[in-house]
Amino acid sequence: MKPSRRTFLKKTSIGAIGLGILPTSIPTPSLDFYDDIKKGINPWIELSKKDYLKNAEIISKMAQGSSVLAVLKNNAYGLGDVEVGSILDDSPHVDGLALVKDVRCLALREKGVQKPILLMGDFSANLGVELAKANITFSVFSKESMAKVQALAKVNRTKIKVQLYFDTGLGRMGMAYSKPLDWVTELAKIENIEIIGLFSTLTTPIDFAQEQLRRFNSLTSRLNALGIEMPQKHIAPSQSILELEASHLNLVRPGILLHGSYPLQGMPQSKQFSLTPTFKLKAKVIRMEKLKPGDTIGFSRFYKVKQEEWIATLPIGWADGYASSAENGAKVLINGTLYPVVNVNASHCNLVIGRKKDVKVGDVATLIGPDVPEISPEGFGKAINGHNYLQINYKESIPKIVLDELV
Ligand SMILES: *Cc1c(COP(=O)(O)O)cnc(C)c1O
């Protein structure tokens, strides 16, 4: 039965996923569905296929031709893991996708994503067989996770793919690099376990990252000496890709770069490699009101009206993932003009339009997008004294529209 639009909304837009309930199927949204979003009053995100594919290609160039293992954790930083995963599934520069939550790996498969998927986090034992069946690669990152994979190997009929996750100094996940490797030998002996890779994560200070790379390379030699060779080796998140050539190995693991943002403000590399922000965050004006001198806006009465002026309300706030610090200097684009954000609450924000009523209810506002530097993800971060990872934590409840390119 073809699911109705209502079912689709219920399953993927109102937050079934956000509650940790795995939808049994994710229907492909119809054009109708997109139409409804645009006719409706709720905020939405537009994603550009063209820019994701182009960015993946540029990242592979940055990495001297290494292939990309696209990190889509945290719902692809709020932009939609299923949507971004489906786009990158078509990129010849993307070798595979990496996620942190077991149920999200399954959600990508249910949507038809074909490329290899690496689960970099833990998994619920009761999902093991399903994950293996969906051809998800498991990470062994601790004694306990190894025991879980071994137990799964006993009951699973098909070969289980595994990557070895080492801690070379981030101190967060992975088997300590300095420990004896007898556990690897033990794993390698198991008939239906196939070890296909080895990975770790670099920290940002270059000196220490170089030390981590030495540790990682010596691990590779120790494993080779045991007769264990692995096709995949990866260690570099976005910042290391840009700053440390030796970290590229045969795969790189970008997150933020894929969406067209750099990990830090004003990185010199951004001049050399021009990534494009891949998305627009949009909302419609739902209220226009003329306020008088002395009036204030918001709970904290932070913004005080000095002269008679029109104030617009957008139905999006920090609970949707729009940074609350936007009221400290961010702007929003409506009909080609930028207007300052003066108040962000949980579900609404306000803009100063000015003495003239140049905006009307129903006009579409672009809060983030590549249109002008002031509202690009990086420009937004700069305007609010934030960092570039701030503005991409949008909630699952914001629907995503996948377009061939942004218009
Ligand atoms: C988040 C993450 C990445 C990607 O980080 P970016 O800074 O967004 O590129 C890569 N590897 C691991 C293990 C991560 O957790």
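Preceding this section is the structure that the text describes.
Below: a short report on this structure. Position numbers for residues count from 1 along each chain, tracking the sequence in the order it is written. In keeping with the model being predicted, local features are shown solely for residues with a pLDDT of at least 70 and side-chain atom pairs are shown and tallied solely at 80 or more, while totals for entire chains, interfaces and linings include all residues. Note that the side-chain values use all heavy atoms of the structure and ignore hydrogens as well as water.

**Digging into the overall build of the chain**
Then comes step 1: Looking only at helices and strands, the chain features 13 helices and 20 strands.
Then comes step 2: Computation of the radius of gyration draws on C-alpha atoms alone. For the globule rule, the value is 2.2 Å times the number of residues to the power 0.38. In terms of C-alpha radius of gyration, the chain reaches 23 Å, essentially the compact-globule figure of 22 Å for 407 residues.
Then comes step 3: In terms of its C-alpha atoms, the chain occupies a principal-axis envelope of roughly 75 × 55 × 35 Å.
Then comes step 4: Burial status across the chain gives 54% buried among its 407 residues. Helix and strand definitions here come from DSSP, where helices need a minimum of 4 consecutive H or I residues and strands a minimum of 2 consecutive E residues; each element is numbered from the N-terminal end. Burial status follows relative accessibility: with a 1.4 Å probe on protein chains alone, a residue under 20% of its type maximum counts as buried, one over 50% as exposed, and anything between as partly exposed.

**Things to note about the side chain of Thr-220**
Then comes step 1: Structurally, the position occupied by Thr-220 is in helix α10 (residues 206-225).
Then comes step 2: At a separation of 2.9 Å, a polar atom in the side chain of Thr-220 contacts the main-chain carbonyl oxygen of Phe-216.
Then comes step 3: Contacts are assigned to residue pairs with any non-hydrogen atoms lying within 4.5 Å of each other. In this structure Thr-220 touches Leu-198 and Lys-233, once residues within four positions along its chain are discounted. What qualifies as a polar contact is a pair of N or O atoms within 3.5 Å, subject to a donor-acceptor requirement within protein and to the restriction that residues adjacent in sequence count only when both atoms come from side chains.

**Here we look at the packing of helix α5 (residues 81-88) against helix α6 (residues 102-110)**
Then comes step 1: Relative to each other, α5 and α6 sit at 50°, their axes nearing to 9 Å. Here α5 lies oblique to α6, going by the angle between them. Pair α5 / α6 crosses with right-handed handedness. Here Asp-81, Val-82 and Gly-85 of α5 come into contact with α6, specifically with Arg-104, Ala-107 and Leu-108.
Then comes step 2: Gly is put with the polar residues, along with every residue not named as nonpolar or charged; the nonpolar set is Ala, Val, Leu, Ile, Met, Phe, Trp, Tyr, Cys and Pro, and the charged set is Asp, Glu, Lys and Arg. Tallied by class, the residues present in the contact of α5 with α6 amount to three nonpolar, one polar and two charged. In this analysis, axes come from line fits to C-alpha atoms, helices being fitted only over the stretch in contact, and the angle between any two N-to-C directions falls in the range 0 to 180 degrees. Working rule for angles: under 35 degrees goes down as roughly parallel, over 145 as roughly antiparallel, 65 to 115 as roughly perpendicular, anything else as oblique. With the far helix as reference, a near helix turned anticlockwise by less than a right angle produces a left-handed crossing, and one turned clockwise produces a right-handed crossing.

**Re the environment of Gly-65**
Then comes step 1: With respect to the helices and strands, the residue Gly-65 is situated in the loop between α3 (49-62) and β2 (67-71).
Then comes step 2: Given the relative accessible area of 55%, Gly-65 is considered exposed.
Then comes step 3: With 336 residues separating them along the chain, Gly-65 and Ile-401 place their C-alpha atoms 30 Å apart.

**Here we look at α5**
Then comes step 1: Among the eight residues that make up α5, six are buried, leaving the element largely enclosed by the rest of the structure.
Then comes step 2: Along α5, the residues that are buried comprise Asp-81, Val-82, Val-84, Gly-85, Ile-87 and Leu-88.

**Here we look at the pairing of strand β17 (residues 337-344)**
Then comes step 1: Sheet topology places strand β16 (residues 331-334) next to β17; four bridges connect them, and they run antiparallel. By the bridge assignment, Leu-333 is partnered in β17 with Leu-338.
Then comes step 2: The turn joining β16 and β17, which pair antiparallel and follow one another in sequence, is formed by two residues; a positive phi near 50° is taken by Asn-335.
Then comes step 3: What makes two strands pair is DSSP finding at least two bridges between them. Bridging between β17 and strand β18 (residues 349-354) involves three bridges; their strand directions are antiparallel. Of the residues in β18, the one forming a bridge with Val-344 is Cys-349.

**Let's talk about the packing of α3 against α5**
Then comes step 1: Where α3 contacts α5, the axes come no closer than 9 Å and their chain directions differ by 65°. Note that α3 runs across α5; the crossing there is right-handed. In contact with Lys-49, Tyr-52, Leu-53 and Ala-56 of α3, α5 contributes Val-84, Ile-87 and Leu-88.
Then comes step 2: Taken together, the residues of the contact of α3 with α5 sort by class into six nonpolar, no polar and one charged.

**Some details on the site of the ligand**
Then comes step 1: The rule for a residue being near a molecule or strand is that one of its heavy atoms must lie within 4 Å of it. Among the 14 residues in the neighbourhood of the ligand, the closest are listed as Lys-73, Tyr-77, Ser-238, Gly-255 and Tyr-389.
Then comes step 2: Residue Gly-255 places a main-chain N or O atom 2.8 Å away from an oxygen atom belonging to the ligand.
Then comes step 3: For the ligand, an oxygen atom lies 2.9 Å from a polar atom in the backbone of Ile-256.
Then comes step 4: Counted by class, the shell around the ligand contains eight nonpolar, three polar and three charged residues.

**Observations regarding α10**
Then comes step 1: Spanning 20 residues, α10 covers 29 Å between terminal C-alpha atoms, matching the ideal 28 Å at 1.5 Å per step.
Then comes step 2: When α10 is considered as a whole, its buried residues turn out to be Ala-209, Gln-212, Leu-213, Arg-215, Phe-216, Leu-219, Thr-220 and Leu-223. Relative to the axis of α10, the buried residues are bounded by an arc of 160° and lie together on one face. Residues Asp-207, Arg-214 and Ala-225 are exposed on α10 and point more than 90 degrees away from its buried face. The length a helix should cover is 1.5 Å for every residue beyond the first. The arc in question is traced by the directions running from the helix axis to the C-beta atoms.

**Let's talk about the side chain of Asp-89**
Then comes step 1: When you line up the elements, Asp-89 lands in the loop between α5 and β3 (94-99).
Then comes step 2: We count Lys and Arg on the positive side and Asp and Glu on the negative side, and we leave His and both chain ends out. Definition used for salt bridges: Asp or Glu carboxyl oxygen within 4 Å of a side-chain nitrogen of Lys or Arg. It turns out Asp-89 is buried and unbridged, and the closest side chain with the opposite charge, Lys-115, is 5.2 Å from it.

**Considering the environment of Leu-53**
Then comes step 1: On the secondary structure map, Leu-53 appears in helix α3.
Then comes step 2: Here the alpha-carbon distance between Leu-53 and Thr-278, two residues 225 residues apart in the chain, equals 9.5 Å.

**A word on the pattern of salt bridges**
Then comes step 1: One pass over the structure, following the stated rule, counts 14 salt bridges.
Then comes step 2: The partner of Lys-50 in a salt bridge is Glu-405, and the shortest N-O contact between them spans 3.4 Å. You can see Lys-50 sitting in helix α3 and its partner Glu-405 sitting in the segment after β20 (400-403), a full 355 residues away along the chain.
Then comes step 3: Overall, Glu-405 belongs to the partly exposed group, its relative accessible area being 42%.
Then comes step 4: As a salt-bridge pair, Lys-360 and Asp-363 come within 3.0 Å of each other at their nearest N and O atoms.
Then comes step 5: Via salt bridges that share partners, Glu-211, Arg-214 and Arg-215 belong to a single interconnected network.

**Some details on the sheet that holds β20**
Then comes step 1: The strand order β12-β15-β18-β17-β16-β19-β11-β1-β20 describes an open sheet built from nine strands, whose pairing is mixed. Each edge of the sheet is formed by a strand with only one pairing partner; in this case those strands are β12 (287-291) and β20. Going from strand to strand, the sheet's axes swing by 35° on average, the running direction of each strand aside.
Then comes step 2: Alignment of strand β1 (residues 44-48) against β20, held across four bridges, turns out to be parallel. Each bridged residue has a counterpart across the sheet, and for Glu-46 the counterpart in β20 is Ile-401.
Then comes step 3: The strands that α3 touches are β1 and β20; relative to β1, the one it contacts most, it runs at about 50°.

Read these as geometric descriptors, not functional statements.
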